[in-house]
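Observations on the model geometry
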Amino acid sequence: MGQLMGFLNIEKKNQKERDPRKRIGDWNEYREAMPEKEVREQAARCMDCGTPYCQIGTVLNKGTSGCPIHNLIPEWNDLVYRGLWREAYDRLAKTNNFPEFTSKACPAPCEGSCTAGFVSDPVSIKSIERSIIDRAFAEGWVVPKPPLRRTDKKIAVIGSGPAGMACADQLNKIGHNVTVFERSDRAGGLLMYGIPSMKIEKDVVDRRVHLLEAEGVVFKTGVDIGKDITEEEIRKDFDAVVLCTGAGKHRDVSIEGRDLEGISPAMEYLTASNRHLLYGEPLKPDFDAKGKRVIVIGGGDTGEDCVATAIRQGCKSVVQFGKHGRLPENRSESNPWPENPHVFSVDYAYEEAEELFGTDPREYYVETKKFTGDASGHVRSLLTGSFKSEAEEEKKWDADLVLIAIGFQGAEDRLFEDFGIEKDPSGRVIQADDRSYQTSSEGVFAAGDARRGATLIVWAIEEGRKAAAAVDLYLDRKLSLLQN
Ligand SMILES: Cc1cc2nc3c(=O)[nH]c(=O)nc-3n(C[C@H](O)[C@H](O)[C@H](O)COP(=O)(O)OP(=O)(O)OC[C@H]3O[C@@H](n4cnc5c(N)ncnc54)[C@H](O)[C@@H]3O)c2cc1C
Ligand code: SF4
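Within each chain, residues carry numbers counting from 1 in the order of the written sequence. Each chain takes a letter, starting from A, and each ligand takes a number, starting from 1, following the order in which they are written. It should be noted that, the model being predicted, local features are given only for residues of pLDDT at least 70 and side-chain atom pairs only at 80 or more, the latter also being counted only at that level, while totals for whole chains, interfaces and linings use all residues. Side-chain figures throughout are based on the complete set of non-hydrogen atoms in the structure, without hydrogens or water.

With an unreviewed UniProt entry as reference, the chain is termed Glutamate synthase subunit beta, source organism Sporolactobacillus shoreae. Quoted verbatim from the Pathway (unreviewed entry) field of the UniProt record, the comment on the chain reads "Amino-acid biosynthesis." UniProt positions are given in the numbering used here, feature names are shortened, and annotations may be inferred rather than shown by experiment.

This is the structure in structure tokens:
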């Protein structure tokens, strides 16, 4: 246990963030690691409360409460407090395949349900996790550990995001032969081409892919399963298949003027920006915010990443429309601990916009009704109403670039259809359940955003781990049926 009364005597601190004025001039990570003395002090705030809600990892009232991968948080907090970094890393690695991703970009539902947070500020769990994994890499403790023995089983994992990578890692550790197929030219899924480098720098993703390769996982990029390799070929060559293809179907708005130039889905914009930074690929004018008045439709995290990207590209102004109202400063009665707190916060992109333009870019309850363009067919303005009240007047907003970030509709159907997975009467794919992870098609499993719907890196890791365990059980059962 940390220091007696630590959570009352020591003030909560998080990792520092770089000065917004400076960081908008580059694409590097916006957070900084915490100095060792401070991390150990922060770890001392953990009281080993006995019932660590921080690790429950469940869904309460539609939100995530506690760590979905059940990180052994109080244990590593205590080890960090005592300066036992290697032991802390060993504990962390037991449950988390990729702490270098979660400790940078996880929204930390663990902190929302930390018991200290019931009466005071929660423990800075994410910052402590970050220090452990940074230290582990710096000390050279994270090295390839190939399995000692190989089985004769071959598994195809389709999709190389955090779910596919975690699934491959777990299956490879057991000794199975795993090939990860990825249709993009680079592995990592949304970690590579969706999430901006200000949150996760791309060499961090490459480093983990290289570690997995050194442990024996085979990555085949630039291969679109269903097109370049058929479902029959995959079934013939592999003993089991795991679909970790993400929730690539994005939502769109179907209103007047949608087909004007200068209106793009957020994911196309973010992918183009990441590719431009990685390879110097020229940005199409619709993906370059320089000198433009930008409007982002959608109040979520993807929209926030668009705001931060547009700022770095040198936009003239930026506004983000949200469907819902401003969150309260404190938990409401209908959102008690240990639920994930739905409270107002000023995240990185909003802090940057305030610093640059003097105002928070978020506008609430905004319903976009119509886009209007100029004579050349390019968007120039939006007409909006209010989701809150029909009585509110319509408003016109000038815009040269509009980004649509209103969420995702789940996995693309094509591959699920190819594998003959059943659909419900409304035409939706019947997903694998969350115990067996197996779809209605023999030997075909699904995990991550493709199964669960768009969610978080930490859930994708959890899904990948559980699907791997389910595949191993399936292969084991198949073997015993053959032997009996
Ligand atoms: C802009 C943005 C920002 C986000 N920020 C955060 C954040 O800060 N924190 C957080 O926790 N979560 C964040 N998320 C969510 C998080 O990225 C996802 O939940 C997570 O990446 C899902 O992992 P996955 O492995 O299931 O799918 P993905 O990461 O989507 O990977 C799926 C992969 O499958 C590949 N694929 C699809 N079809 C085929 C095929 N037929 N053949 C071969 N390959 C195929 C795709 O190319 C893709 O690479 C963000 C999401 C977005 C869009
Ligand atoms: S993975 Fe996320 S929820 Fe789990 S301990 Fe780390 S920050 Fe918290």
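Topic: the domain arrangement of the chain
Frequently, the measure chosen for interface size is the accessible area that the parts lose on association. For the chain, the domain assignment lists domain 1 (6-139), domain 2 (154-249 + 410-483) and domain 3 (263-404). Computed over C-alpha atoms only, the centres of domain 2 and domain 3 are separated by 31 Å. In this analysis, two residues are considered to be in contact whenever any of their non-hydrogen atoms come within 4.5 Å of each other. Between domain 2 and domain 3, the residue contacts involve 12 residues of the former and 13 residues of the latter. Put simply, buried area is how much 1.4 Å-probe accessible surface two parts lose in total, over both of them, once they are put together. Summing the contributions of domain 2 and of domain 3, the shared interface buries around 1,100 Å²; its carbon and sulfur component is 56%. Counted as a polar contact is a pair of N or O atoms within 3.5 Å, where, for protein atoms, one must be capable of donating a hydrogen and the other of accepting one, and residues adjacent in sequence contribute only when both atoms are in side chains. Where domain 2 touches domain 3, the interface holds 8 residue pairs in polar contact (both at pLDDT 80 or more). Helical segments are the DSSP runs of H or I of at least four residues, strand segments are the runs of E of at least two, and each set is numbered from the N terminus. The biggest single contributor to the side of domain 2 that touches domain 3 is helix 11 (residues 190-193), with 3 residues. Classifying every residue of the side of domain 2 that touches domain 3 by side-chain character gives 6 nonpolar, 2 polar and 4 charged. For the domain bounds, the source is a domain assignment made automatically or taken from a database. Each residue gets one of three labels, nonpolar for Ala, Val, Leu, Ile, Met, Phe, Trp, Tyr, Cys and Pro, charged for Asp, Glu, Lys and Arg, and polar for the others, Gly among them.

Concerning the sheet that holds strand 12 (residues 379-386)
Adjacent strands of a sheet pair through backbone hydrogen bonds, lying either parallel or antiparallel. We treat two strands as partners when DSSP finds at least two bridges between them. Taking strand neighbours across the sheet as the criterion, the 3 strands line up as 11-12-13 in an open arrangement whose pairing is antiparallel. The sheet is open, and its two borders are formed by strand 11 (366-373) and strand 13 (395-398), each paired with just one other strand. Strand-to-strand, the axes of this sheet are offset by a mean angle of 30°, without reference to chain direction. Pairing analysis gives 4 bridges linking strand 12 to strand 13, with the strands arranged antiparallel. What counts as an axis is a line fitted to C-alpha atoms, over the stretch in contact for a helix, and the angles between N-to-C directions run from 0 to 180 degrees.

A look at the sheet that holds strand 4 (residues 177-182)
Reading across the sheet, the 5 strands line up as 5-4-3-6-15 and stay open at both edges, with parallel pairing between neighbours. Both outer strands of the open sheet, strand 5 (218-221) and strand 15 (444-446), are each paired with one neighbouring strand and no more. Here the strands of the sheet are splayed against their neighbours by 20° on average, with no regard to which way each runs. Judged from the 4 bridges that link them, strand 3 (residues 154-158) and strand 6 (residues 240-243) form a sheet pairing that is parallel.

Quick notes on the site of ligand 1
Near residues are defined by distance, with any heavy atom within 4 Å of the molecule or strand qualifying the residue. If you check the shell around ligand 1, you find 37 residues, and the closest are Ala-105, Glu-182, Lys-199, Asp-449 and Ile-457. Between ligand 1 and Leu-190, the relevant distance is 3.0 Å, taken from an oxygen atom to a main-chain nitrogen or oxygen of the residue. Asp-224 has a polar side-chain atom sitting 3.1 Å from a nitrogen atom of ligand 1. Only the protein chains shown count as cover for residues, and all accessible areas are computed by the Shrake-Rupley method using a 1.4 Å probe. A total of 1,000 Å² of accessible area belongs to ligand 1 in isolation, and the protein chains cover 94% of it. Of all the elements in the fold, those that place two or more residues in the shell around ligand 1 are helix 10 (162-174), strand 4, helix 14 (266-279), helix 15 (301-313), helix 17 (413-418) and helix 19 (457-483). A total of 3 residues in the shell around ligand 1 trace back to one element, the largest contributor, which is helix 10. Partitioned by chemical class, the residues of the shell around ligand 1 number 18 nonpolar, 12 polar and 7 charged. If you count residues domain by domain, the shell around ligand 1 takes at least three from each of domain 2 (154-249 + 410-483) and domain 3 (263-404).

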